Amino acid sequence: DPMIAKVIVWAESREKARRRLLSALREIAISGIVTNTHFLGRLLESEDFVQGTYHTGTVSAVMEAEDDKPRRELQDIAVIVAFPIPSPKFDSLLSL
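My aim in this report is to walk through the structure given alongside it, one point at a time.

Cut-offs used in this document
Residues numbered from 1 in each chain as written. Predicted model: local features only at pLDDT ≥ 70, side-chain atom pairs only at ≥ 80, totals over all residues. Heavy atoms only, no water. Salt bridge = Lys/Arg side-chain N within 4 Å of Asp/Glu carboxyl O. Helix = DSSP H or I, 4+ residues; strand = E, 2+ residues; numbered from the N terminus. Buried < 20%, exposed > 50% of the residue type's maximum accessible area, 1.4 Å probe, protein only. Contact = heavy atoms within 4.5 Å. Phe/Tyr/Trp six-rings, centres within 6.5 Å; stacked < 30°, edge-to-face > 60°. Lys NZ or Arg CZ within 6 Å of the ring centre and 35° of its normal.

## A word on the pattern of salt bridges
So, point 1. The tally for this structure, following the rule as stated, stands at 4 salt bridges.
So, point 2. In this structure, the salt-bridge partner of E15 is R19, at a minimum N-O distance of 2.8 Å. Placement of the pair is E15 and R19 together in helix α1 (residues 14-27), with a separation of 4 residues, close to one helical turn.
So, point 3. The closest approach of N and O atoms between R26 and E45, which form a salt bridge, is 2.3 Å. On the criterion of sequence distance, the pair formed by R26 in helix α1 and E45 in helix α2 (residues 37-45) is long-range, its members being 19 residues apart.
So, point 4. Taking relative accessible area as the criterion, E45 reaches 41% and is therefore assigned partly exposed.

## Re α2
So, point 1. All of the buried residues in α2 are F39, G41, L43 and L44.
So, point 2. The elements touched by buried residues of α2 are α1, α3 (47-51) and α4 (58-63).

## As for the packing of aromatic side chains
To describe a pair of aromatic rings, you give the distance between the ring centres and the angle between the ring planes.
So, point 1. A full pass over the atoms with the stated rule returns 1 aromatic pair.
So, point 2. A centroid spacing of 5.1 Å and a plane angle of 20° characterise the contact between F49 and Y54, whose relative ring orientation is stacked.
So, point 3. Residue Y54 is classed as partly exposed on the basis of its relative accessible area of 46%.
So, point 4. We note R14 situated over the ring of F49; from NZ or CZ to the ring centre the distance is 4.7 Å.

See below:
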């Protein structure tokens, strides 16, 4: 499971909960890996989500937004860099 954390918020209204979640996402600091916190923030700020009219196409629409294209390219690079490369040193550790 690639999930490293689950952020749950509660508030008296949907709008207050949305704002609280946005605040929590902005405060999260994770180093060493690429996360989707920026994307989740943009999703929470999208007009469809703010108005409560989101649908199955909302995620795709946010992903296709111009602002996310460079970040998605960086994610692709991170996946390539994170791809395991066979190493004799690592293989010897597995045989212990």
